[in-house]
Amino acid sequence: MLQIPLPTDIRLHLKSRTLELIYPDGSFELTAEFLRVHSPSAEVRGHGIGQGTLQTGKKWVAINEIIPSGNYALKIVFDDGHDSGLYTWEYLHDLTHNAESYWTEYLAALQAAGASRDEGLIVKTSH
């Protein structure tokens, strides 16, 4: 069985709303929005294949807290109240190393659904 490397350090950057995971092969920053829309919770993923719920309007979400869960995962508490996903070390490693393709897929799903990252928010535009 392939051993998933554990991060050697984890840093929460409140101002930039990112979670930095440092692995032997590099440092990776994931935005709070990315982590929120890719939450491993049943609320986001559903209870079976194809039952997930597309997360919209999460552009400005932030991380309030990171709580270790045993030796295998992190519980991330977001400022929109979401806190039910357990991010295993294996899942975090996958997210960090495949973030670009996952983000592209997410943006395509939003576009296909006619949804938005900042849905429901009033966006100021300059004239």
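Computed from a predicted structure; not experimentally measured. (Residues numbered from 1 in each chain as written. Predicted model: local features only at pLDDT ≥ 70, side-chain atom pairs only at ≥ 80, totals over all residues. Heavy atoms only, no water.)

A. View of the overall build of the protein chain. Within the protein chain, the regular secondary structure consists of 3 helices and 6 strands. Helices (α) and strands (β) of the protein chain occur, in sequence order from the N terminus, as β-β-β-α-α-β-β-β-α. In the protein chain, 46% of the contacts between residues at least 6 apart in sequence involve partners at least 24 apart. In the form shown here, the protein chain has an accessible surface area of approximately 7900 Å², with 53% of it arising from carbon and sulfur atoms. (Helix = DSSP H or I, 4+ residues; strand = E, 2+ residues; numbered from the N terminus. Contact = heavy atoms within 4.5 Å. Areas by Shrake-Rupley, 256 points an atom, 1.4 Å probe, with all protein chains shown as cover.)

B. Local environment of the nonpolar core. Of all hydrophobic cores here, the largest spans 19 residues; its most connected members are Leu35, Tyr87 and Leu92. Taken together, the elements giving at least two residues each to this core come down to β2 (18–23), β3 (26–31), α1 (32–37), β5 (73–78) and α3 (89–113). What Leu35 contacts, discounting residues up to four positions off in sequence, is Leu19, Leu30, Ile63, Ile76, Phe78, Tyr87, Leu92 and Leu95. (Core = buried A, V, L, I, M, F, W, Y, C linked by side-chain atoms within 4.5 Å. Buried < 20%, exposed > 50% of the residue type's maximum accessible area, 1.4 Å probe, protein only.)

C. Molecular detail of the environment of His82. As for its position among the elements, His82 is in the loop between β5 and β6 (86–88). A residue is classified by how much of its surface remains accessible, and His82, at 4% relative accessible area, is buried. Taking the C-alpha atoms as reference, His82 lies 8.1 Å from Arg36; in sequence the two are 46 residues apart. Filtering out sequence-adjacent residues up to four positions away, His82 remains in contact with Arg36, Ser39, Ser41, Glu43, Val44, Ile76 and Val77. Within the structure, the side chain of His82 is placed 3.2 Å from the side chain of Glu43, a separation counted as a polar contact. (Polar contact = N/O pair within 3.5 Å; in protein donor to acceptor, adjacent residues only side chain to side chain.)

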